[in-house]
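Next come the chains, spelled out residue by residue.
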Amino acid sequence: MQMNEPEAITAGRKIGDVILDMRNISLSFGGVKALTNISFNVREHEIRAIIGPNGAGKSSMLNVINGVYRPQQGEIVYRGQQRKNMDCYAAAKSGIARTFQNIALFKGMTVLDNIMTGRNLKMKSNFLLQALYWGPAQREEIEHRRKCEEVIDFLEIQHIRKTPVGRLPYGLQKRVELGRALAAEPQILLLDEPMAGMNVEEKQDMCRFILDVNEQFGTTIVLIEHDMGVVMDISDRVVVLDYGKKIGDGTPDEVRTNQDVIDAYLGVAH
Ligand SMILES: Nc1ncnc2c1ncn2[C@@H]1O[C@H](COP(=O)(O)OP(=O)(O)OP(=O)(O)O)[C@@H](O)[C@H]1O
Ligand SMILES: [Mg+2]
């Protein structure tokens, strides 16, 4: 079912033009069709959710967006330009950052150092200067640290900035991972189940940070989430996948009343 494009204007925030257009994307792994002919777009400044049962292809879709997987078919148009053979480095350079379904942090390193790794792509001075910590490299390092401290303040994790990540409770590790992605100052932030495994309070905190990032920095967010309450609360539009196919696309209200979506979630036989 195709839904209307909304003219969404939420408090203090105007949804802009399409910045990412996924067209007829198909991806398979050997015989497994992870994604079949999926099209959907993402508008600037919106919070766009991808939902669907386990194995529906949600993480695969994020991996296509950030260049980890190359689809066998389809086109990706980012800011009006067709992306050709983009790898994850190029995607990150173009302003796409992400967090992972399973936390991918350096557990032995401190919170601050993990967040600093999010700045890698922004570092300009060459390796030798950095090794010597000389001149431009020193100035750059100070600037990167300042940016990371801003992220730390924003996420209210000052008290744990020197703590090794492995010692933190799960909910805080997820917040640090968000911090690392934010340190890259992304234009599009891809979040793969940022609230999975969290308790109610941790989920509320994470929702607030996601909304604040979106509102204060204008960051476009593509979010995979299983908690329907959260998805319906914070998303502008939702795309629904099931067995690698798109079965719904629209506002939370449109998706909620879509019979195909209801059937998929209730496990009606295909
Ligand atoms: N690297 C891979 N190699 C082989 N098969 C894969 C690979 N990645 C994903 N798949 C398969 O593609 C399908 C979609 O997987 P994907 O991880 O994208 O689903 P998902 O919607 O994120 O599920 P979940 O909610 O469980 O995270 C599954 O059948 C999965 O086994
Ligand atoms: Mg997944």
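None of these values were measured; they are calculated from a predicted model.

Q: Explain the overall build of the protein to me, please; I cannot follow it from the model alone.
A: Each helix and strand counted, the protein has 10 helices and 12 strands in total. Split into buried and exposed, the 270 residues of the protein put 37% on the buried side. Of the contacts made within the protein by residues no fewer than 6 positions apart, 70% connect residues no fewer than 24 positions apart.

Q: Quick question: what am I supposed to make of the environment of Tyr78 here?
A: Along the polypeptide, Tyr78 turns up in strand β6 (residues 73–78). C-alpha of Tyr78 to C-alpha of Met22: the two residues are 56 residues apart in sequence and 8.6 Å apart in space. Look past the residues within four positions of Tyr78 in its chain and what remains in contact with it is Ile19, Leu20, Arg83 and Ser94.

Q: Looking at this model, I keep getting lost on the sheet that holds strand β11 (residues 237–242). Mind explaining?
A: In sheet architecture, strand pairing relies on hydrogen bonds along the backbone and comes in two forms, parallel and antiparallel. One open sheet accounts for 6 strands, arranged β8-β9-β10-β5-β11-β12; its pairing is mixed. Here the strands that pair on one side only, and so sit at the sheet edges, are β8 (96–99) and β12 (245–250). Strand-to-strand twist across the sheet, computed as the mean angle between neighbouring axes with direction ignored, equals 15°. Across the sheet, helix α10 (residues 259–266) is in contact with β11 and β12; its angle to β12 comes to roughly 125°.

Q: Would you explain the site of ligand 1 in this entry?
A: By nearness alone, every residue bordering ligand 1 is listed as Phe29, Val32, Ala34, Gly52, Asn54, Gly55, Ala56, Gly57, Lys58, Ser59, Ser60 and Gln101. If you list the elements that add at least two residues to the shell around ligand 1, you get β4 (32–43) and α1 (58–65). Across the shell around ligand 1, the residue classes break down as 4 nonpolar, 7 polar and 1 charged.

Q: Explain the nonpolar core here, please?
A: For soluble globular proteins, the rule of thumb is that nonpolar side chains tend to be buried together. Core analysis: the biggest nonpolar cluster contains 61 residues, and Ile50, Ile65, Ile115, Leu189, Leu190 and Val222 have the highest contact counts within it. Counting contributing residues per domain, this core is built from domain 1 (1–95 + 186–270) and domain 2 (108–185), each supplying no fewer than three. Sequence-distant contacts of Leu189, that is, excluding residues within four places in its chain, are made with Ala97, Ala181, Val213, Thr219 and Ile221.

Q: Explanation requested: the pairing of strand β9 (residues 188–192) in the structure shown.
A: Along any regular strand the residues' side chains alternate between the sheet's two faces. Extensive coverage of β9 is indicated by the burial of 5 of its 5 residues. The two faces of β9 match: Ile188, Leu190 and Asp192 on one face and Leu189 and Leu191 on the other face are all buried. By the bridge criterion, 4 bridges tie β8 to β9 in an arrangement that is parallel. Pairing of Arg98 across the sheet is with Leu190, part of β9. Sheet topology places β9 next to strand β10 (residues 220–224); 5 bridges connect them, and they run parallel. By the bridge assignment for β10, Ile188 is matched with Thr220. Read as a crossover between parallel neighbours, the route from β9 over helix α7 (residues 200–217) to β10 is right-handed.

What counts as what
- Positions within a chain are numbered from 1, following the residues in the order the chain's sequence is written.
- In the order they appear in the text, chains get letters beginning with A and ligands get numbers beginning with 1.
- In keeping with the model being predicted, local features are shown solely for residues with a pLDDT of at least 70 and side-chain atom pairs are shown and tallied solely at 80 or more, while totals for entire chains, interfaces and linings include all residues.
- We count a stretch as a helix when DSSP gives it H or I for four or more residues in a row; a strand needs E for two or more, and each element gets its number in order from the N terminus.
- Any residue whose C-beta has 12 or fewer other C-beta atoms within 10 Å is treated as exposed, any with 20 or more as buried, and any in between as partly exposed, C-beta atoms being built from the backbone.
- In this description, any two residues whose backbone-derived C-beta atoms lie within 7 Å of each other are considered to be in contact.
- Only when DSSP finds a minimum of two bridges between them are two strands counted as paired.
- Note on definitions: angles span 0 to 180 degrees between N-to-C directions of axes, and those axes are lines fitted to C-alpha atoms, for helices only across the stretch in contact.
- By convention here, the C-beta atom is placed from the backbone, and a residue is near a molecule or strand when that atom is within 6 Å of it.
- Any residue that is not Ala, Val, Leu, Ile, Met, Phe, Trp, Tyr, Cys, Pro, Asp, Glu, Lys or Arg is counted as polar, Gly included; the first ten are nonpolar and the last four charged.
- Remark: nonpolar core denotes a set of buried Ala, Val, Leu, Ile, Met, Phe, Trp, Tyr and Cys residues whose joining runs through C-beta atoms within 7 Å.
- Domain delimitation follows an automatic or database domain assignment.
- By definition, the crossover connecting two strands over a helix is right-handed if that path, from the first strand to the second, turns clockwise as seen with the strands pointing away from the viewer.

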